[in-house]
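Here is what each chain is made of, one letter per residue.
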Amino acid sequence: MAVKTAPTLSTHHHAKPPRPAARRLPRLKTVIVAGSAYVIAFIFLFPYLVMLLTSLRPQETLRDVTFFPSQWEWSNLTNFWTSGLAGNLMVTLKVAAGSTILVLLVALPAAYYSARHNFRGRTAFLILVLITQMFQPTAMLVGIYREFFQFGLVDSIWSLILVNGGFNLAFAVWILNAYFSSIPRELEEAAFIDGNGRFGALFRITLPLAMPGVITALIFTFIAAWNEFVVALTLTTTPANQPLTVALNSFIGQYQVDWQNLFAGSVIATIPVIILFALIERKVVGGLTAGSIK
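Structure report, in brief. (Residues numbered from 1 in each chain as written. Predicted model: local features only at pLDDT ≥ 70, side-chain atom pairs only at ≥ 80, totals over all residues. Heavy atoms only, no water.)

1. Overview of the nonpolar core
Of all hydrophobic cores here, the largest spans 19 residues; its most connected members are Ala107, Leu176 and Phe180. Those residues in contact with alanine 107 that sit more than four places away from it in its chain are Leu169, Ala172, Val173 and Leu176. Core analysis: the second largest hydrophobic core is formed by 15 residues, Ala96, Leu248, Phe251 and Leu262 among them. (Core = buried A, V, L, I, M, F, W, Y, C linked by side-chain atoms within 4.5 Å. Buried < 20%, exposed > 50% of the residue type's maximum accessible area, 1.4 Å probe, protein only. Contact = heavy atoms within 4.5 Å.)

Take a look at the structure:
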């Protein structure tokens, strides 16, 4: 005997679409903080905007009161590559890259060893490293020049690499030491159990986890070497061996300043650093906050 069942009503026939959530207006505090951030960003970016616009002005319109040029002189930017400054840009790139590689080669083992071993004098070593950061190259220019003169390294790219590497080493050691200290030792011990040695655990486990700190040391060393001026002006005499920061000084004469070409070269010198920092900005923030959270 068949049992008849009552037909069920569809619950989806009369279902109403959900109402969108009401959009909340931002709080007054949020608006004030965001507005202040935009104002501060504009204050910092305004000089770069003026530099860019001045680099695109013709010589005869430099004293115009208008903010934007009435005529655009794009040849000021293209003349950079035909004026010989492209060679100075390559010198700057070699010095910055060489200094960064030297710093990482020395700072990585020093920071790793001081973070993983409580040897006698460890605190004194770290304090001594920090003290070296307090010395400015301008205070030791005479001694630096005399030392490199005795070794025959004056007017050489190697002298600039050594000086920039030496004066940026302390910052890199401290950043990397803080980051290595924040990585648990148990991860390396687990790698030892899996058959890895000290170097295997370092390259397979610790260094990948410490990469934000490594990139932070890299970018700050690179920028510091890229922007250095006083030591390069002292140690280099041949125009072809001078970095771009010193070569741009040739646009400043005794009675006249070639503003549009000076600013055009400054714009081109700024672009590589901006691109590099924009690409790895997130990792730089992570490296600077290393060790703040346990």
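Continuing now.
2. Concerning the packing of aromatic side chains
Throughout the structure, instances matching the rule amount to six aromatic pairs. An angle of 20° between the planes, with centres 6.2 Å apart, marks the rings of tryptophan 72 and tryptophan 74 as stacked. Overall, the relative accessible area of 41% leaves tryptophan 72 in the partly exposed class. By relative accessible area, tryptophan 74 is classed as exposed at 54%. (Phe/Tyr/Trp six-rings, centres within 6.5 Å; stacked < 30°, edge-to-face > 60°.)

3. Some details on the side chain of threonine 221
Locating threonine 221 in the fold gives a position in helix H9 (residues 211-227). For threonine 221, a relative accessible area of 1% translates into the label buried. Discounting chain neighbours no more than four positions away, the residues touching threonine 221 are Ser99, Thr100, Val103 and Asn168. (Helix = DSSP H or I, 4+ residues; strand = E, 2+ residues; numbered from the N terminus.)

So yeah, pure geometry; function would need other evidence.
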